[in-house]
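Here is how the chains run, residue by residue.
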Amino acid sequence: MAGQILPHDMHGTGPHRVIVLHNWFADRSSFDAFREHADADAHSYAFLDCRGYGEAIDADGAYTMEEVAEDALAVADHLGWDDFSVLGHSMGGKAAQWMLLQAPERIRSIIGVAPVPAAGFPLDDAAWELFTGAADEPGNRRVIIDNTTGGRHPDDWLDAMVRRSLSRSSKTAFRAYLDSWSRTDFHERVKGNTTPVLLVAGAHDPALGAATMEATWLQWYPNARLEVLDGAGHYAPEETPAELATAVARFLAN
């Protein structure tokens, strides 16, 4: 399947180019605070909306990680980018690995921010009910966001995250992406891949924190390294944008 050129916007004019893929709960606007701190002289960032999100909220699709990867590669083609790095947050980190499988010669490096592993993310029955129900129930989304940030944020912050999630994603896409990022497993295909990888985990993320990174990504990618942000849970682009931008810039400079 050929990818589509999805809505995207640019930040920076630097020589190191970066495709940015958002998380399950939000569109590319989730990186607004991050881009305020991103190095616009050293890097060129392309922030994408996945199908069913943001400006692509009405875009039809299969809503899979493979499709996200194909669309991101189509955007890179549109921009004339032969090679680039990929920054993926949560489910965006799993899609970044599909990009690596589809176009290994083009991917300079991967930056995974609380990234879903290639093996997916197992959910027990209660968690599966919570996550599947989040497509229709705002309260489920709020519980998930609160749990994955360590229960540290005030009500107004949580409420704003939920409102944005509801307004910037379609229920159909939101529900479909869950199956793809949580239940598909292709880790055998990435095992031993030598692409440089930076993993950024939040110290307060009980789901995709340091322990998960050590048990998955760091076992499969020999050139991966882990950085833990003390002030973040699952949503470092919003919780600790300056610290995330610093970690990304330091990695890309190597």
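Parameters and conventions
Residues numbered from 1 in each chain as written. Predicted model: local features only at pLDDT ≥ 70, side-chain atom pairs only at ≥ 80, totals over all residues. Heavy atoms only, no water. Helix = DSSP H or I, 4+ residues; strand = E, 2+ residues; numbered from the N terminus. Contact = heavy atoms within 4.5 Å. Phe/Tyr/Trp six-rings, centres within 6.5 Å; stacked < 30°, edge-to-face > 60°. Buried < 20%, exposed > 50% of the residue type's maximum accessible area, 1.4 Å probe, protein only. Lys NZ or Arg CZ within 6 Å of the ring centre and 35° of its normal. Arc of directions from axis to C-beta. Pairing = 2+ DSSP bridges. Axes fitted to C-alpha atoms, helices over the stretch in contact; angles between N-to-C directions.

**Here's the deal with the environment of glycine 12**
Here is step 1: The topology assignment puts glycine 12 in the loop between β1 (8–11) and β2 (16–21).
Here is step 2: Between the C-alpha atoms of glycine 12 and alanine 46, which are 34 residues apart in sequence, the distance is 8.9 Å.
Here is step 3: Those residues in contact with glycine 12 that sit more than four places away from it in its chain are Ala40, His43 and Ser44.

**Notes on the packing of aromatic side chains**
Two descriptors summarise a pair of aromatic rings, namely the distance from one centre to the other and the angle between the planes of the rings.
Here is step 1: Tallied over the full model, the rule gives 16 aromatic pairs.
Here is step 2: Aromatic pair tryptophan 24 and phenylalanine 131: ring centres 5.8 Å apart, planes at 5°, arrangement stacked. Taken together, the positions of tryptophan 24 in the loop between β2 and α1 (32–35) and phenylalanine 131 in helix α4 (residues 125–133) put the pair 107 residues apart, joining distant regions of the chain. Each member of the pair, tryptophan 24 as well as phenylalanine 131, is classed as buried.
Here is step 3: An angle of 65° between the planes, with centres 5.6 Å apart, marks the rings of tyrosine 63 and tyrosine 177 as edge-to-face. Separated by 114 residues along the polypeptide, tyrosine 63 in the loop between β3 (43–48) and α2 (65–79) and tyrosine 177 in helix α7 (residues 171–183) bring together distant segments of the chain. With respect to burial, tyrosine 63 and tyrosine 177 carry one shared label: buried.
Here is step 4: An aromatic cluster is present here, built from Trp24, Phe25, Phe131, Phe174, Trp181 and Tyr235 joined pairwise through their rings.
Here is step 5: The ring centre of phenylalanine 47 lies 4.1 Å from the NZ or CZ of arginine 35, which sits over that ring.

**Regarding helix α5 (residues 138–148)**
Here is step 1: All of the buried residues in α5 are Asn140, Arg141, Ile144, Ile145 and Thr148. Viewed along the axis of α5, the buried residues span an arc of 130°, placing them on a single side of the element.
Here is step 2: Looking at the buried residues of α5, the elements they touch are α4, α6 (155–167) and α7.
Here is step 3: Positive phi shows up at glycine 150, right after α5, with a value of about 80°.

**A few points about the sheet that holds strand β5 (residues 107–113)**
Here is step 1: Overall, mixed pairing links the 7 strands, which are arranged β1-β3-β2-β4-β5-β6-β7 in an open sheet. Pairing within the sheet leaves two strands with one partner each, and these edge strands are β1 and β7 (224–229). Direction aside, neighbouring strands of the sheet carry axes that sit 20° apart on average.
Here is step 2: As paired elements, strand β6 (residues 197–202) and β7 share 6 bridges and run parallel to each other. When the bridges of β7 are listed, leucine 199 appears paired with leucine 226.
Here is step 3: Strand contacts of helix α3 (residues 91–102): β2, β4 (84–89) and β5, with the helix running at about 150° to β4, the strand carrying the most contacts.

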